[in-house]
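Below are the chains, spelled out letter by letter.
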Amino acid sequence: SPRGLDKWLPAIWLTANSKNGISSHELARSLGITQKSAWFVLHRIRLAMQTGTFEKLSGEVEVDETFVGGKAINMHKADRARKIKSTGTGARTPVLGMIERGGKVRAEVIPDTKGKTLKPRIHAAVETGSAVYTDKHASYNGLGEDYSHEVVDHAETYVNGRIHTNGIENFWSLLKRGLHGTYVSVDPEHLFRYLDERVFTYNLRDRTDYGRFEAVLRAVAGRRLTYAEVIGQR
């Protein structure tokens, strides 16, 4: 990078330790660089925060899906037409999340919330025989063949003993607080990078500020992202 460590190190520290994220405008003011440069810096840091693992979740696992994005009625006409056409979900992007109670969370952007989309991802991420808790969404039907599948009907109650999805719903609230409060609007094509950031900071929530900072530094090697790739020009 043409930028020195006097810019990169504080940028990494601020990104890793901002509870609700830090906007490119705020980072630009803090570092004395342009907003465009700060935006690119943030996306490169988010790439370092991207975690991939073959280790499966186990024990008690909560699974839920949500939609991210503003209401179409509040968008500019051009943005509304572009986003609705590009996502096919009424300007909202579906996201699947799973959390191991007492452990880590995983989240990813998905094309839709159909069973053929959700169930393969759950099988790939959750160890067979685990206790899986979901809501009554029909796409989860059939999970009982490989898991101890328990369902909570939110039309009746949100908690039935140990049967609930409060853990993953808490993560959704943290995610959306940052997306709507800090970033205001996130394009669907970039949403997965913001998910990587929030998953990373949530999973390392018990570490110190320096611990999270160090974890990002250890992950930067070999991860290169060009500006053309970020804006979709490969």
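The present account deals with the structure reproduced in this document. Quick caveat: nothing in here was measured; it's all calculated off a predicted structure.

Details of the overall build of the protein
Phase 1 of the analysis: Summing up its helical and strand segments, the protein has 9 helices and 5 strands in all.
Phase 2 of the analysis: Walking the protein from its N terminus toward its C terminus, one meets helices and strands in the order α-α-α-β-α-β-β-α-β-β-α-α-α-α.
Phase 3 of the analysis: Counted over contacts in the protein with a minimum sequence separation of 6, partners at least 24 positions apart contribute 64%.
Phase 4 of the analysis: Here the protein displays about 12500 Å² of accessible surface, and carbon together with sulfur accounts for 50% of that area.

Regarding the pairing of strand S3 (residues 105-109)
Phase 1 of the analysis: Judged from the 5 bridges that link them, strand S2 (residues 93-100) and S3 form a sheet pairing that is antiparallel. What sits directly across from Ile99, in S3, is Val105.
Phase 2 of the analysis: In this structure, the hairpin formed by S2 and S3 is closed by a connection of 4 residues, where Gly102 is found at a positive phi of approximately 80°.

Things to note about the environment of Leu143
Phase 1 of the analysis: Following the sequence through the fold, Leu143 ends up in the loop between strand S4 (131-134) and strand S5 (148-151).
Phase 2 of the analysis: Residues Leu143 and His123, 20 residues apart in the sequence, show an inter-C-alpha distance of 8.8 Å.
Phase 3 of the analysis: Sequence-distant contacts of Leu143, defined by excluding residues within four places in its chain, comprise Lys119, Ile122, His123, Val132, Thr134 and His149.

Let's talk about helix H6 (residues 166-183)
Phase 1 of the analysis: Relative to the 26 Å expected for 18 residues at 1.5 Å per residue, H6 spans 25 Å between its end C-alpha atoms, a close match to the ideal helical length.
Phase 2 of the analysis: For H6, every residue scored as buried is listed here: Ile168, Phe171, Trp172, Leu175, Gly178, Leu179, Thr182 and Tyr183. Summarising the axial view, the buried residues of H6 lie within an arc of 145°, below the 170-degree limit, and thus occupy one face.
Phase 3 of the analysis: Those residues of H6 hidden inside the fold are in contact with helix H3 (35-49), strand S1 (60-68), S2, S3 and helix H7 (191-203).
Phase 4 of the analysis: Remark: Val184 follows H6 within two positions and exhibits a positive phi of approximately 65°.

A word on the pattern of salt bridges
Should their charged atoms come close, side chains of opposite charge can pair.
Phase 1 of the analysis: The full count for this structure, using the stated rule, is 9 salt bridges.
Phase 2 of the analysis: Overlapping salt bridges, with partners in common, bring together Glu60, Glu62, Arg101 and Arg162 in one network.

Digging into the packing of helix H2 (residues 24-31) against H3
Phase 1 of the analysis: H3 packs onto H2 with a crossing angle of 110° between their chain directions and a minimal axis gap of 8 Å. One element, H2, and the other, H3, form an angle in the roughly perpendicular class. Judged by residue contacts, Ser24, His25, Leu27 and Ala28 of H2 engage Gln35, Ala38, Trp39, Val41 and Leu42 from H3.
Phase 2 of the analysis: Here the residues of the contact of H2 with H3 sort into 6 nonpolar, 3 polar and no charged.

What to know about the nonpolar core
Phase 1 of the analysis: In terms of nonpolar packing, the biggest core is built from 22 residues, with Val95, Val105, Ala107, Phe171, Trp172 and Leu179 touching the most fellow members.
Phase 2 of the analysis: Secondary-structure elements contributing two or more residues to this core are H3, S2, S3, H6 and H7.
Phase 3 of the analysis: In terms of residue count, H6 provides more of this core than any other element does, 6 residues in total.
Phase 4 of the analysis: The contacts of Val95, once residues within four sequence positions are left out, are Asp64, Glu65, Thr66, Val68, Ala107, Glu108, Val109, Ile110, Trp172, Leu191 and Leu195.
Phase 5 of the analysis: Grouped together as the second largest cluster of nonpolar side chains are 21 residues, Ala11, Ile33, Leu42 and Leu204 included.

Describing H7
Phase 1 of the analysis: Taking 1.5 Å as the rise per residue, H7 with 13 residues should run 18 Å; its terminal C-alpha atoms sit 18 Å apart, in good agreement.
Phase 2 of the analysis: Within the sequence span of H7, burial applies to Leu191, Arg193, Tyr194, Leu195, Asp196, Glu197, Arg198, Val199, Phe200, Thr201, Tyr202 and Asn203.

A word on the layout of surface pockets
Phase 1 of the analysis: The calculated volume of the largest pocket comes to roughly 820 Å³.
Phase 2 of the analysis: What lines the largest pocket is a set of 29 residues, among which Thr51, Gly52, Thr53, Val105 and Arg106 lie closest to the centre.
Phase 3 of the analysis: Elements with a contribution of two residues or more to the lining of the largest pocket: S2, S3, helix H5 (115-125) and H7.
Phase 4 of the analysis: Sort the elements by how many residues they give to the lining of the largest pocket and H7 lands first, with 6 residues.
Phase 5 of the analysis: Within the lining of the largest pocket, the residues separate by chemical class into 15 nonpolar, 5 polar and 9 charged.

Thresholds, definitions, all that
- Residues numbered from 1 in each chain as written.
- Predicted model: local features only at pLDDT ≥ 70, side-chain atom pairs only at ≥ 80, totals over all residues.
- Heavy atoms only, no water.
- Helix = DSSP H or I, 4+ residues; strand = E, 2+ residues; numbered from the N terminus.
- Contact = heavy atoms within 4.5 Å.
- Areas by Shrake-Rupley, 256 points an atom, 1.4 Å probe, with all protein chains shown as cover.
- Pairing = 2+ DSSP bridges.
- Expected span 1.5 Å × (residues − 1).
- Buried < 20%, exposed > 50% of the residue type's maximum accessible area, 1.4 Å probe, protein only.
- Arc of directions from axis to C-beta.
- Salt bridge = Lys/Arg side-chain N within 4 Å of Asp/Glu carboxyl O.
- Axes fitted to C-alpha atoms, helices over the stretch in contact; angles between N-to-C directions.
- Parallel < 35°, antiparallel > 145°, perpendicular 65-115°, else oblique.
- Nonpolar A, V, L, I, M, F, W, Y, C, P; charged D, E, K, R; others polar.
- Core = buried A, V, L, I, M, F, W, Y, C linked by side-chain atoms within 4.5 Å.
- 1 Å grid on protein atoms, 1.4 Å probe; cavity = no way out; pocket = protein on both sides within 12 Å on 5 of 7 lines; lining within 4 Å.
- Points joined across faces, edges and corners; volume = space filled by probe spheres on them.

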